[in-house]
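Residues per chain, in single letters:
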Amino acid sequence: MAEITLPKNSKIKKGKRYSLLNELHTYADFFKDSQNIYPIAEFYVYRWDPENDNNPRHDIYPINLDECGPMILDALIKIKNEIDSTLTFRRSCREGICGSCAMNIDGVNTLACTKPIAEIKNGVVKINPLPHQPVIKDLVPDLSNFYQQHKNIKPWLRTKTNSPEKEWNQTKEDREKIDGLYECIMCACCSTACPSYWWNSDKYLGPAALLQSYRWIVDSRDEEKKERLDDLDDAFKVHSCRSIMNCSKACPKGLSPAKAIAEIKKELATRK
Ligand code: SF4
Ligand code: SF4
Ligand code: FES
């Protein structure tokens, strides 16, 4: 029987619990209300530093929500600015546009900047990096393979004829075919929620790259549909999708990579 063991340093240990006093500015703040009633939430945040040999851990940061913005990303920024500057995470737009703040919040892949703290249950939330990717540090996953797969599908308009001299118009109907596809922000929430991708991410392109690929396959201006489908037509790149639908549930932009994959499979099955 196969013996499965986890690497020695893979177990997540209990980390440091920060006191609310770290978070409040002064002791006077803490005692200003004799009842000491603040809306407090506890943030359990995954910490791992590649520069030492320690196991990953969850550090616990209590936050006074009266002094914090409404989103999970606001709390992480507050922790970094006011409590623990060593905490590392990605973010940029704070508007759900750049996709860089994708992480796993209470077991669900989503964007920290659009996830309201008000949705936390019982005042406690666990924050981990996107699952099944190597971790660079704390909440920052290594998405090199994910981006390489995006590059592999050649995500740009490919033409054979000369480019038109003026605007290349589409009909309203053709333009509508890329709705639900062009909005993808490459956050990786879907691919890192996909069990098939967890086990075969070296061969299976995963839902994000496939949705992007379909975005160009249905673009009426693209002239390499056949080549795109030829590239996808192997046992793993598309066909490792088992229609489990985790990807569509995970997408914070409300897109359906599973539907795009089903359309690619249909194109492959029906082409001459
Ligand atoms: S539908 Fe396909 S791509 Fe989406 S989670 Fe399931 S196996 Fe992965
Ligand atoms: S399909 Fe959705 S979850 Fe997947 S990368 Fe695009 S925006 Fe993110
Ligand atoms: S910071 Fe850009 S999507 Fe969250």
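Since the model is a prediction, treat every value here as computed from it, not as a measurement.

The rules behind these values
Residues numbered from 1 in each chain as written. Chains lettered and ligands numbered in written order. Predicted model: local features only at pLDDT ≥ 70, side-chain atom pairs only at ≥ 80, totals over all residues. Heavy atoms only, no water. Near = heavy atom within 4 Å. Helix = DSSP H or I, 4+ residues; strand = E, 2+ residues; numbered from the N terminus. Nonpolar A, V, L, I, M, F, W, Y, C, P; charged D, E, K, R; others polar. Core = buried A, V, L, I, M, F, W, Y, C linked by side-chain atoms within 4.5 Å. Buried < 20%, exposed > 50% of the residue type's maximum accessible area, 1.4 Å probe, protein only. Domains from an automatic or database assignment. Contact = heavy atoms within 4.5 Å. Buried area = accessible area lost by both parts, 1.4 Å probe. Salt bridge = Lys/Arg side-chain N within 4 Å of Asp/Glu carboxyl O. Polar contact = N/O pair within 3.5 Å; in protein donor to acceptor, adjacent residues only side chain to side chain. Pairing = 2+ DSSP bridges. Axes fitted to C-alpha atoms, helices over the stretch in contact; angles between N-to-C directions. Arc of directions from axis to C-beta.

Novice: Sorry, what's going on with the site of ligand 1 here?
Specialist: Ligand 1 sits among 13 residues. The nearest are Cys194, Tyr204, Cys241, Ile244 and Cys247. Looking at the shell around ligand 1, the elements that each hand over two or more residues are helix 9 (246–250) and helix 10 (257–270). Looking at side-chain class alone, the shell around ligand 1 contains nine nonpolar, three polar and one charged residues.

Novice: Sorry if this is basic, but what is going on with the site of ligand 2 here?
Specialist: Inspection of the region around ligand 2 gives Cys184, Ile185, Met186, Cys187, Ala188, Cys189, Cys190, Ala208, Cys251, Pro252, Lys253 and Pro257 as its neighbouring residues. A breakdown of the residues in the shell around ligand 2 according to their chemical character gives 11 nonpolar, no polar and one charged.

Novice: Could you clarify how one ought to interpret the nonpolar core in this entry?
Specialist: A general tendency of soluble globular proteins is for nonpolar side chains to be buried together. Among the nonpolar cores identified, the biggest contains 65 residues, and Phe43, Ile72, Leu76, Ile79, Ile127 and Ile264 are the most heavily contacted of them. Elements represented by at least two residues in this core include exactly strand 2 (40–47), strand 3 (57–64), helix 3 (72–83), strand 4 (102–105), strand 6 (124–128), helix 7 (206–217), helix 8 (225–232) and helix 10. Broken down by element, this core gets its largest block of residues, seven residues, from helix 3. Of the residues that make up this core, three or more belong to each of domain 1 (13–137) and domain 2 (144–161 + 170–270).

Novice: What's the story with the domain arrangement of the chain in this structure? I'm lost.
Specialist: A common measure of how large an interface is: the accessible area buried when the components associate. Domains assigned within the chain are domain 1 (13–137) and domain 2 (144–161 + 170–270). Contacts between domain 1 and domain 2 engage 12 residues on the former and 12 residues on the latter. Carbon and sulfur atoms supply 61% of the area buried between domain 1 and domain 2, which totals about 960 Å² over both sides. Of all residues in domain 1, Asn109, His132 and Gln133 bury the most surface against domain 2, accounting for 45% of the area lost on that side. Run the count over domain 1 and domain 2 and you get zero salt bridges. Where domain 1 packs against domain 2, one counts three residue pairs in polar contact (both at pLDDT 80 or more). With three residues, the single largest contributor to the side of domain 1 that touches domain 2 is strand 5 (residues 108–111).

Novice: Teacher, can you tell me more about the sheet that holds strand 2 here?
Specialist: Within a sheet, each strand pairs with its neighbour through backbone hydrogen bonds, oriented either parallel or antiparallel. Reading across the sheet, the six strands line up as 1-3-2-6-4-5 and stay open at both edges, with mixed pairing between neighbours. Single-partner strands in this sheet number two, and they are strand 1 (13–17) and strand 5. Taken over all neighbouring pairs, the strand axes of this sheet differ in orientation by 35° on average, direction set aside. Both strand 2 and strand 3 contribute to a ladder of eight bridges, which runs antiparallel. By the bridge assignment for strand 3, alanine 41 is matched with isoleucine 63. Where helix 3 meets the sheet, its contacts fall on strand 2, strand 3, strand 4 and strand 6, and the angle it forms with strand 3 comes to roughly 95°.

Novice: What exactly am I supposed to notice about helix 8 here?
Specialist: One turn of the α-helix equals 3.6 residues, which is why residues spaced by three or four share an orientation. For helix 8, the full list of buried residues reads Arg228, Leu229 and Leu232. Seen end-on, helix 8 carries its buried residues on one side only, within an arc spanning 95°. On its buried face, helix 8 sits against helix 7 and helix 10.

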